[in-house]
Amino acid sequence: MKIVIAGGHGQIARRLGRLLAARGDSVVGIVRNPAHSSDLRADGMNPVVCDLEKASCDDVAAILSETDAVVFAAGAGPGSGAARKHTVDHQAAAVLADAALQAGVRRYVMVSTRGAGSPPPAHADEVWAAYVHAKTAADEYLMALNLEWTILRPAALTNEPGTGTVRLTAERSVGEVTRDDVAQVLASLLDTPATAGLVLELAEGPDPIRAAVAHAAETRTGQPELPR
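Conventions and cut-offs
- Residues numbered from 1 in each chain as written.
- Predicted model: local features only at pLDDT ≥ 70, side-chain atom pairs only at ≥ 80, totals over all residues.
- Heavy atoms only, no water.
- pLDDT = per-residue confidence, 0-100.
- Contact = heavy atoms within 4.5 Å.
- Buried < 20%, exposed > 50% of the residue type's maximum accessible area, 1.4 Å probe, protein only.
- Helix = DSSP H or I, 4+ residues; strand = E, 2+ residues; numbered from the N terminus.
- Pairing = 2+ DSSP bridges.
- Right-handed = clockwise from strand over helix to strand, strands pointing away.
- Axes fitted to C-alpha atoms, helices over the stretch in contact; angles between N-to-C directions.

The chain appears in an unreviewed UniProt entry as NAD(P)H-binding protein from Streptomyces sp. 900105245.

Here is the structure:
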């Protein structure tokens, strides 16, 4: 497949890019900072410099030409403030979705967050509350479009080595999950088109990743989904 990853220099994105490139997919990573291009090339990705906060739908659609799937893994990042949660985590995700429609790319996998889809807790600080609101708005925008979307909401992220086993359900994610395992789940979701239309919560757990994704697909379709 040809897969475009928005936020290509992020920690999850780079892990995913390396996985996809190693198995022979053509991977494009969208980055804002040209200095990050060399890292993506070392990962086996093809970097494209584009600031999704400023780019038009036409600009992004041109990048998505002849693409099979897109992954939104961009984020304003720590220390960015509440305003950029809206412009990156919400608006940039929406621009990518509109561009996918324009370019004829049906498959869109969204990296969301725990807590999205619900109001932030009353004790949340301003930035975290803005982040949850932005992610919720981005998810809702995507769900309203005629795309084959899957939304993944990971629990608290860690940099521990991946375990290869997870808990993947429609229920609220609690606990933690490694970035390695998130990347593996994303790769498996891309391989499993029957997960389109699902909002999935991810945390550490007992189920092998490919089996967990296949089970999620089966619960949607009512038929066993065999991972490719």
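A.B. asks: I'm lost on the confidence of the model for the chain in this one. Help?
C.D. replies: Should pLDDT be low for a region, the predicted coordinates there are not to be read in detail. Confidence in the prediction for the chain averages 93 pLDDT; 96% of positions are at 70 or higher. Below a pLDDT of 50 lies the segment residues 223-228, which in the model reaches 13 contacts outside its immediate sequence neighbourhood of four places, other chains included.

A.B. asks: Could you clarify how one ought to interpret the pairing of strand β5 (residues 107-111) in this entry?
C.D. replies: Sheet faces and side chains relate simply in a regular strand, where the side chains alternate between the two faces. Extensive coverage of β5 is indicated by the burial of five of its five residues. Side chains R107, V109 and V111 project from β5 onto one buried face, and the interleaved Y108 and M110 project onto a second face that is buried too. As judged from the four bridges shared by strand β4 (residues 69-72) and β5, these two strands associate in the parallel manner. The residue bridging V70 from the neighbouring strand is Y108, located in β5. Handedness of the crossover is the feature at issue here: the chain leaves β4, passes through helix α4 (residues 82-103), returns alongside β5, and the resulting connection is right-handed. Pairing geometry for β5 and strand β6 (residues 148-154), over five bridges, is parallel. Note that in β6 the partner of V111 across the bridge is L152. As a crossover connection, the stretch from β5 through helix α5 (residues 126-143) into β6 is right-handed.

A.B. asks: Looking at this structure, how should I read the sheet that holds strand β8 (residues 165-169)?
C.D. replies: Strand pairing in a sheet is mediated by backbone hydrogen bonds. Such pairs are either parallel or antiparallel. The strand order across the open sheet built from nine strands is β3-β2-β1-β4-β5-β6-β10-β8-β11, with neighbouring strands paired in mixed fashion. Two strands close off the open sheet at either side, each with one partner strand: β3 (46-49) and β11 (207-208). Judged from the four bridges that link them, strand β2 (residues 26-31) and β3 form a sheet pairing that is parallel. Each bridged residue has a counterpart across the sheet, and for V28 the counterpart in β3 is N46. The sheet strands contacting α5 are β4, β5, β6 and β10 (198-204), and the helix crosses β6 at an angle near 160°. Across the sheet, helix α6 (residues 179-190) touches β1 (2-6), β4, β5, β6, β8 and β10, and the angle it forms with β6 is around 165°.

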